[in-house]
Every structure is written in C-alpha cells, then in structure tokens.
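What follows is the residue order along each chain.
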Amino acid sequence: ASDSGLKSAQLQLEQAQLSYNQAKDSIDDTSIKAAINGVVTSVNGEVGDFAMNSNPVVTIMDIDTVKLQFGVSESIINKIDENSKISVVIPAVSEDEVEAIIDFISPSVAQNSKLYPISLSIENPGHEIKPGMFAKIIVDISSKQESVLIPDEAILFEPEGLFAYKIEDEKPVKVMLVVGEENGI
C-alpha cells in the first residue's frame, strides 16, 4: 500500500510541476518586449486590452539618427549627389546649422508633388529633434567653374546674346558672355 501511495504522490508532484511551468509560461507571455531600443511615440492600448500581432500596442522609434525627407525640382536634381553634405537648420531646436549626408536620391519624380524625393540622416544624440519637425535645407548648387562676376549694368544685349567689353592693350574688346549664377546683390 505504501508503494502505491508513493507513486500517487510522485504523480501529484509531476502534475503540480507541469501546472507551475504552464503558469510561469503564461506569466512570461504577458510581458511584451520591444525588438529595438527607442522612444515610445504612441500607445494604442490600455491595461486589460487583448494584444494581437495585427494591432501594435505601442509604436517605438529609434531617434538616435533621424531621417529628413524633402523634394527638389528637376532644375536642381542633377546638381546634387548621394553622400553629399547638406546643411540643415531645425528652427524648433536651434538656428545653428547641422551637417547631414544625403542617403537617397530618387531617380523618379513623385507624382503628387512633381518633385524628386531625397532623404538624409542627421545624428540626434540628445533626442532634441522629434519626428515631424520642420527643417530648412541649405543646398549648395553653385557651379564650381571659375567665373568672373560682372555688374548687371556692364552687360549688354544683342540678338546673338549677351556681351560686355573688356580692356586689352588699352582698347575695348567685345566679349560674348555665358550667364552662370547670379549673386542677387
């Protein structure tokens, strides 16, 4: 009789351990852990709600590096290269310029805006830049060719194009001009 009592106690112990392991697994499944480090940007549930894979409970963003997206017109797109450095000012954070590098330039125009989408990355170690903030982009598209700055009033027009006079050997010589950039002064 004592042998059957021992077996009965062992079966009860095994059953209790199985119940304990199932309860422990259930408790472990109640904790939700993020796959990334970041900042919670929205909460889509409350305590007691049923969590499902199709409806995220929270949205988490890694804002150590932020992406900035903007578009440029066709007159500018071929003057910008990937990996080019761009200056950015985010007025909500500071009026100081920060440097960013272009990550991506779309080869095709966005149909809704007729602009070419560009994205760049900005380091954000202090998390001062928040998603959705506006930015001023400063793109240097000036040509790198050597050029001469001529006052507007020295430029003359004829049907063949624009020209000016320069002095050679103390005599005026007519020179046809190729217009580059204007400095706005």
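Note: the structure precedes this text.
Residues numbered from 1 in each chain as written. Predicted model: local features only at pLDDT ≥ 70, side-chain atom pairs only at ≥ 80, totals over all residues. Heavy atoms only, no water.

Looking now at the pairing of strand 4 (residues 85-89). Across 4 bridges, strand 4 lies against strand 5 (residues 98-105) in antiparallel orientation. Bridge assignment links Lys85 to a residue of strand 5, and that residue is Ile101. When strand 4 meets strand 7 (residues 136-138), the two strands line up antiparallel, connected through 3 bridges. Bridging from a neighbouring strand, Ser87 pairs with Ile138 of strand 7. (Pairing = 2+ DSSP bridges. Helix = DSSP H or I, 4+ residues; strand = E, 2+ residues; numbered from the N terminus.)

Reading across the sheet, the 3 strands line up as 8-9-10 and stay open at both edges, with antiparallel pairing between neighbours. Every interior strand has two partners, whereas the edge strands, strand 8 (156-158) and strand 10 (171-176), have only one. Along the sheet, successive strands turn relative to each other by an average axial angle of 40°, direction set aside. Here strand 8 runs beside strand 9 (residues 161-168); their pairing, made up of 3 bridges, is antiparallel. (Axes fitted to C-alpha atoms, helices over the stretch in contact; angles between N-to-C directions.)

In the Ramachandran plot, Asn83 falls in the positive-phi region, its phi being about 70° despite a non-glycine side chain. By the secondary structure assignment, Asn83 is in the loop between helix 2 (74-77) and strand 4. For Asn83, a relative accessible area of 61% corresponds to the exposed category. At His127, a residue that is not glycine, the phi angle is positive and equals roughly 55°. By the element assignment, His127 lies in the loop between strand 6 (116-123) and strand 7. (Buried < 20%, exposed > 50% of the residue type's maximum accessible area, 1.4 Å probe, protein only.)

Okay, the environment of Ser42 next. Position of Ser42 among the secondary structure elements: in strand 1 (residues 39-43). Here the alpha-carbon distance between Ser42 and Pro56, two residues 14 residues apart in the chain, equals 9.9 Å. Once residues lying within four places of it in the same chain are set aside, the contact partners of Ser42 are Val57, Val58 and Thr59. (Contact = heavy atoms within 4.5 Å.)

Time to look at the sheet that holds strand 7. The sheet built from 5 strands is open, its strands ordered 3-6-5-4-7 with antiparallel pairing. This sheet does not close on itself; its edge strands, each paired only once, are strand 3 (65-72) and strand 7. Ignoring strand direction, the axes of neighbouring strands in this sheet form an average angle of 40°.

One pass over the structure, following the stated rule, counts 1 aromatic pair. Arranged with centres 5.7 Å apart and planes meeting at 90°, the rings of Phe163 and Tyr165 form a pair that is edge-to-face. (Phe/Tyr/Trp six-rings, centres within 6.5 Å; stacked < 30°, edge-to-face > 60°.)

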